[in-house]
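Residues per chain, in single letters:
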Amino acid sequence: MTRRQILSPQPSTSLSDNKSPQPDDASHSLPSSVHHAYPEQEEASPQPLSLSQAPTALAKHSTHLINAELLIPGRGKPMTHVTVVIKDDKIQEIHSTASLPAHLQSLPSTKVPVLLPGLWDCHTHLLGSKSFNFGPILLDSTATAGARLAINVQDILMSGFTSIRDLGGFAIELAQAIEEGSLIGPHIYSAGAAISQTSGHGDVFDLPSGFVTSCLGVRDTQANNFAPGHGPLLIADGIDEVRRAVRLLTRRGAKCIKVFSSGGVLSIADDPLRQQFSLDELRVIVEEANRAGRVVAAHCHGKVGIMAALHAGVHTIEHGTYMDEECVELMKKNGVVYVPTRTIVKVGVDHPELMSPESYKKMLETAKHHLAAYRLAVKSGVKIALGTDLGISTPTTHPLALGKSGGELTYAVSDGGMTPLLAIEAATAMGPEVLGDLGMAPKTGIIAPGYDADLIALPEDPLDDKMDLFKDPANITHVWKSGKLFKRPPSGGRDSS
Ligand SMILES: [Zn+2]
């Protein structure tokens, strides 16, 4: 996208105006002064606003300004010394700070060193769980899970992630609590339950099959308090059941559909290299989802599972561990988005205590192949959006706890081989693209007029070899979601009000 497209068509931003925002040069370095924008607060962490504060934080002013020393727009080149005009929940205009129109100059403003779009984690699991073992996830009360998740969703937002796509858990229900104002959290786009075949990645092999289908089947469930389709997993076999599975999930409020088209790591007894669901079943899932305006995300490791998912018409490939050039070519041809989930691989190998011994063995084996697949995808120009596969709720300090998604940007550069700017695009502008173009994708992830005002600020330029900044939520100084300020440094960091 060119600079002309990013900037609003205001006189002050015309290309002939030498005061207009300039794309940054190759070094992307900031004036040294902006590295210490809050010198008196260096020891203090930015503060989340409380539930009662946050929704009313900007109630007095429906229009406000953010002055950024450096603006990284999500797609396109960075700009320096820019003022973003926010009206209600939208980005209205972008001006050069030096030539801000007079009628805007008295508006309340916030000054930040570096402004970016709010980040996306395109692969989470809001399970409310202490481990990745499926048994306890099935047996814990949903009230317990929900109580744990209340903290997680706030942590996610405060770490700079203003949007998540959840691919199996209780995220639809959490989203409801966030939207009504009961909880603070990100925008959530959820698949509801992930669809698995019997003896597939979503089956719970250490519990009796009849009990599992009684909890997670598409017909009347009896063994727990999930209505059919309301658990984190949904077991379906055959054309009729997979069709019903998709319909149950759209009824529950899913914004996308998730299917396991190969075995997985965290299930005890299946094989990541083998395909799950027949091609006919996968095609019906995609057909039924697309008819309802939803695209399909496919969990897959082995090549047969990846190719079956692609032939069925899925929109995103999750993990893609054994992806080769044939897979990559088909993905490019079909406009399929790859979500690498590097965090679960990178950090998961260090934490055998979170999974069964059988799963840990598979974790080590798949980890051997994942890096090559990721690098191949980056090198060949497949569309990539970042997602972590995080799903631990407690303790919140655990490196695989929800709210620790920022490392995925670091790994995109250090492991995937992306440039820092591309990694940021994969975590911002690419986010909505995982939801397809059938009507579920929001207009966010880019700082441009008309986009949702989901924004974050950093104290330093991450492009200056500082992608590690994203790893620590304390480095996210400000978070705006839908134009409302949810996090700021202790003094407020305001120029004026
Ligand atoms: Zn997952």
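Residues numbered from 1 in each chain as written. Predicted model: local features only at pLDDT ≥ 70, side-chain atom pairs only at ≥ 80, totals over all residues. Heavy atoms only, no water.

**Student:** Sorry, what's going on with the coordination of the zinc ion here?
**Tutor:** Between any two of four tetrahedral donors, the ideal angle at the metal is 109.5 degrees; between two of six octahedral donors, it is 90 or 180 degrees. Bound to the zinc ion on the protein side are His123 (NE2), His125 (NE2) and Asp389 (OD), at distances that span 2.0 to 2.2 Å. One chain supplies every donor to the zinc ion, and in sequence these donors are spaced H-x1-H-x263-D. With His123 in strand 7 (residues 119–129) and Asp389 in the loop between strand 16 (383–384) and strand 17 (390–392), the pair connects residues that are 266 residues apart, well separated along the chain. With relative accessibility at 1%, the residue His123 sits in the buried group. Assessed through its relative accessible area of 10%, Asp389 is described here as buried. (Donors = N, O, S within 2.8 Å, 3.2 Å for Na, K, Ca; no water. Helix = DSSP H or I, 4+ residues; strand = E, 2+ residues; numbered from the N terminus. Buried < 20%, exposed > 50% of the residue type's maximum accessible area, 1.4 Å probe, protein only.)

**Student:** Could you clarify how one ought to interpret the side chain of Gln276 in this entry?
**Tutor:** Within the fold, Gln276 resides in the loop between strand 12 (257–260) and helix 7 (279–291). For Gln276, a relative accessible area of 4% gives the class buried. Among the polar contacts made by the side chain of Gln276, one reaches the main-chain amide nitrogen of His201 at a distance of 2.8 Å. When residues no more than four places from it in sequence are discounted, the contact partners of Gln276 are Gln197, Ser199, Gly200, His201, Phe260, Ser261, Ser262, Gly263, Asp270 and Leu282. (Polar contact = N/O pair within 3.5 Å; in protein donor to acceptor, adjacent residues only side chain to side chain. Contact = heavy atoms within 4.5 Å.)

**Student:** Which parts of the structure should I look at to understand the packing of helix 8 (residues 303–312) against helix 9 (residues 325–334)?
**Tutor:** Packed helices, taken two at a time, are described by the angle between their axes plus the distance between the axes. Two elements in contact, helix 8 and helix 9, have axes whose closest approach is 10 Å; the angle formed by their N-to-C orientations is 20°. Comparing their axes, helix 9 and helix 8 come out roughly parallel. Judged by the sense of rotation from one axis to the other, the crossing of helix 8 with helix 9 is left-handed. Every residue of helix 9 that contacts helix 8 at Lys303, Ile306, Met307, Leu310 and His311 is listed here: Glu326, Cys327, Leu330, Met331 and Asn334. The class makeup of the residues in the contact of helix 8 with helix 9 is 6 nonpolar, 2 polar and 2 charged. (Axes fitted to C-alpha atoms, helices over the stretch in contact; angles between N-to-C directions. Parallel < 35°, antiparallel > 145°, perpendicular 65-115°, else oblique. Left-handed = near helix turned anticlockwise from the far one by under 90°. Nonpolar A, V, L, I, M, F, W, Y, C, P; charged D, E, K, R; others polar.)

**Student:** Mind showing me how you'd approach the sheet that holds strand 15 (residues 337–339) here?
**Tutor:** Think of a sheet as strands paired side by side through backbone hydrogen bonds, with each pair either parallel or antiparallel. Taken together, the 7 strands give an open sheet; going across it, the order is 11-10-12-13-14-15-16, and neighbouring strands pair in parallel fashion. Only two strands of the sheet have a single partner each, and these edge strands are strand 11 (233–235) and strand 16. Sheet analysis places strand 10 (residues 194–196) next to strand 12, joined by 2 bridges and oriented parallel. Counted as the bridge partner of Ile195 is Val259 from strand 12. Seen against the sheet, helix 7 touches strand 12 and strand 13 (296–300) and runs at an angle of roughly 175° to strand 12. (Pairing = 2+ DSSP bridges.)

**Student:** I would appreciate a short explanation of the sheet that holds strand 8 (residues 161–166) in the present structure.
**Tutor:** What the 4 strands build is an open sheet, ordered 9-8-7-17; its pairing is parallel. Looking at strand neighbours, the two that pair on one side only are strand 9 (187–190) and strand 17, the edges of this open sheet. Averaged over all adjacent pairs, the angle separating strand axes in this sheet is 35°, with direction ignored. As paired elements, strand 7 and strand 8 share 4 bridges and run parallel to each other. Residue pairing across strands places Thr124 opposite Asp166, the latter belonging to strand 8.

**Student:** Sorry, what's going on with the pairing of strand 7 here?
**Tutor:** Regular strands show a simple pattern: their side chains alternate between the two faces of the sheet. Within strand 7, 11 of the 11 residues are buried, which leaves the element mostly enclosed by the surrounding structure. Sheet topology places strand 7 next to strand 17; 2 bridges connect them, and they run parallel. By the bridge assignment, Thr124 is partnered in strand 17 with Leu390.

**Student:** What am I meant to see in unusual backbone geometry here?
**Tutor:** Most peptide bonds adopt trans geometry, and most residues besides glycine take a negative phi value. The omega angle of the peptide bond from Thr394 to Pro395 is 5°, so this bond is cis rather than trans. Its location among the elements puts Pro395 in the loop between strand 17 and helix 12 (407–414). Non-glycine residue Thr341 carries a positive phi angle of around 50°. Position of Thr341 among the secondary structure elements: in the loop between strand 15 and helix 10 (342–348). Given the relative accessible area of 1%, Thr341 is considered buried.

**Student:** What is the right way to read the nonpolar core from this model?
**Tutor:** Within soluble globular proteins, side chains that are nonpolar generally end up buried alongside one another. Counting residues in hydrophobic clusters, the biggest one holds 111 residues, and the most contacted among them are Leu126, Ile317 and Tyr338. Aside from chain neighbours lying at most four places away, what touches Ile317 is Ala298, Cys300, Ile306, Ala309, Leu310, Met331, Val336, Val337, Tyr338 and Val339. Core analysis: the next-biggest nonpolar cluster, separate from the first, contains 22 residues, Leu49, Ala68, Ile86 and Ala429 among them. (Core = buried A, V, L, I, M, F, W, Y, C linked by side-chain atoms within 4.5 Å.)

**Student:** So what exactly am I meant to see when it comes to the side chain of Thr124 here?
**Tutor:** For Thr124, the position within the fold is in strand 7. Polar side-chain contacts of Thr124 include one of 2.8 Å to the side chain of Asp166. Apart from residues no more than four positions distant in its own chain, Thr124 is found in contact with Ile164, Arg165, Asp166, Leu167, Gly168, Thr388, Leu390 and Leu402.

**Student:** Could you clarify how one ought to interpret the pattern of salt bridges in this entry?
**Tutor:** Side-chain pairing between opposite charges can occur once the charged atoms of the two side chains come close. Tallied over the entire structure, the rule returns 23 salt bridges. In this structure, Glu318 engages Arg165 in a salt bridge whose closest nitrogen and oxygen atoms are separated by 2.7 Å. Here Arg165 lies in strand 8 and Glu318 lies in strand 14 (residues 316–319), a separation of 153 residues in the sequence. Arg165 shares its class with Glu318; the two are buried. (Salt bridge = Lys/Arg side-chain N within 4 Å of Asp/Glu carboxyl O.)

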